[in-house]
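So the chains spell out like this:
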Amino acid sequence: MTDKIKKSDSEWRQQLTPEQYAVTRQKATERPFTGEYYRTTDPGVYRCVCCGEELFESDTKFDAGCGWPSFTKPIAGDRVDEETDRTHGMTRTEVLCAKCGAHLGHVFDDGPQPTGLRYCINSAALKHAAKK
């Protein structure tokens with residue numbers, strides 16, 4: 001992993017839409033079944049909306065029925081960081097972009113095999129790039 005990207009709050013606000021800023025910098029969650037990539041099946045790569053880091057591949061995306069894009073694994077383990085999230089009266093594992101610290105969503109252990117994981121990621125934290 002290269003050096004982490006650090007920007008001021010003002011710089012992030014200038015770069016991102018209000019929804020992207022709320023999700024990635026303030027750890028908000030978009031409403032289920034409303035995100036741009038919830039039903040997307042186009043081949044490609046999902047990048048961090050903040051820094052452009054490649055995070056997830058379309059062939060690991062699946063319909064979990066939860067209302068957010070779901071993936072079985074990141075492109076590589078060093079692309080995301082995980083932290084314990086104890087907000088909202090529960091304990092979950094938060095997923096962050098390792099390069100810029102953007103909040104992406106959460107990971108759960110109820111996904112399909114072979115990983116058994118479900119990376120439940122906000123569309124507002126992602127930018128889809130078609131495979132070339």
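Below: a short report on this structure. This is a predicted model, so every value here is computed, not measured.

### A closer look at the pairing of strand β6 (residues 92-97)
For step 1, the next point in the chain: Within β6, 5 of the 6 residues are buried, which leaves the element mostly enclosed by the surrounding structure.
For step 2, the next point in the chain: Taken together, the 6 bridges between strand β5 (residues 80-85) and β6 define a ladder with antiparallel strand orientation. Paired with aspartate 81 across the two strands is leucine 96, which belongs to β6.
For step 3, the next point in the chain: With 4 bridges joining them, β6 and strand β7 (residues 103-108) adopt antiparallel strand pairing. Its bridge partner being in β7, leucine 96 is matched across the sheet by histidine 103.
For step 4, the next point in the chain: Between the antiparallel neighbours β6 and β7 lie 5 residues, among them glycine 101 with a positive phi of about 80°.

### Considering unusual backbone geometry
For step 1, the next point in the chain: The step from glutamine 113 to proline 114 runs through a cis peptide bond, and the omega angle for that step is 20°.
For step 2, the next point in the chain: Within the secondary structure layout, proline 114 lies in the loop between β7 and β8 (118-121).
For step 3, the next point in the chain: At lysine 27, a position not held by glycine, the phi torsion is positive, near 65°.
For step 4, the next point in the chain: Relative to the helices and strands, lysine 27 resides in the loop between α2 (18-26) and β1 (44-48).
For step 5, the next point in the chain: The phi dihedral of histidine 88 falls on the positive side, at around 60°, and the residue is not glycine.
For step 6, the next point in the chain: Mapped onto the elements, histidine 88 comes out in the loop between β5 and β6.

About the criteria used
- Residues numbered from 1 in each chain as written.
- Predicted model: local features only at pLDDT ≥ 70, side-chain atom pairs only at ≥ 80, totals over all residues.
- Heavy atoms only, no water.
- Buried < 20%, exposed > 50% of the residue type's maximum accessible area, 1.4 Å probe, protein only.
- Helix = DSSP H or I, 4+ residues; strand = E, 2+ residues; numbered from the N terminus.
- Pairing = 2+ DSSP bridges.

Remember that the coordinates give geometry; whether it matters functionally is a separate question.
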